[in-house]
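Below, each chain spelled out in residue letters.
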Amino acid sequence: MRIKVKENSRWSFRLAIPTFLFLNRFTAFMISRGDNNITYKQAWTLFRAIKTFRRRNGKWKLVEVHSANGDEVEITI
């Protein structure tokens, strides 16, 4: 997973996090323990689907946001 933040037409922040640190069983368990309506099985199924999609198709741009003043945020899995 890569997170990039761009301010005023230059990259000001880049962070690379291994995907397995975020999309794992422990994270699925923590999400299910919150005050939302997602069960552990649903979260783990979603994480497995994301991993499978990435293996088959390569990089996937999850979020791309552009603000009015020129700031940008990109999250790629």
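About the cut-offs
Residues numbered from 1 in each chain as written. Predicted model: local features only at pLDDT ≥ 70, side-chain atom pairs only at ≥ 80, totals over all residues. Heavy atoms only, no water. Core = buried A, V, L, I, M, F, W, Y, C linked by side-chain atoms within 4.5 Å. Buried < 20%, exposed > 50% of the residue type's maximum accessible area, 1.4 Å probe, protein only. Helix = DSSP H or I, 4+ residues; strand = E, 2+ residues; numbered from the N terminus. Contact = heavy atoms within 4.5 Å. Pairing = 2+ DSSP bridges. Axes fitted to C-alpha atoms, helices over the stretch in contact; angles between N-to-C directions.

Undergrad: Whenever I open this one, the nonpolar core confuses me. Can you help?
TA: General note: in soluble globular proteins, nonpolar side chains tend to be found buried as a group. If you look at the biggest cluster of nonpolar residues, it comprises 9 residues: Met1, Leu23, Ala28, Ala43, Trp44, Phe47, Ile50, Ile75 and Ile77. Among the elements that take part in this core, helix H3 (residues 40-57) stands out by supplying 4 residues, more than any other. Not counting chain neighbours up to four residues away, the residues in contact with Ile75 comprise Met1, Arg2, Ile3, Trp60, Lys61, Leu62 and Val63.

Undergrad: Any chance you could explain the sheet that holds strand S3 (residues 61-66) here in plain terms?
TA: Whenever strands of a sheet pair, they do so through backbone hydrogen bonds, lying parallel or antiparallel. In spatial order, the strands read S2-S1-S4-S3; together these 4 strands make up an open sheet with antiparallel pairing. Only two strands of the sheet have a single neighbouring strand rather than two, namely strand S2 (10-16) and S3. The average angle at which neighbouring strand axes cross in this sheet is 10 degrees, direction not considered. Pairing of strand S1 (residues 2-7) with S2 involves 6 bridges; the strand directions are antiparallel. Its bridge partner being in S2, Val5 is matched across the sheet by Phe13.

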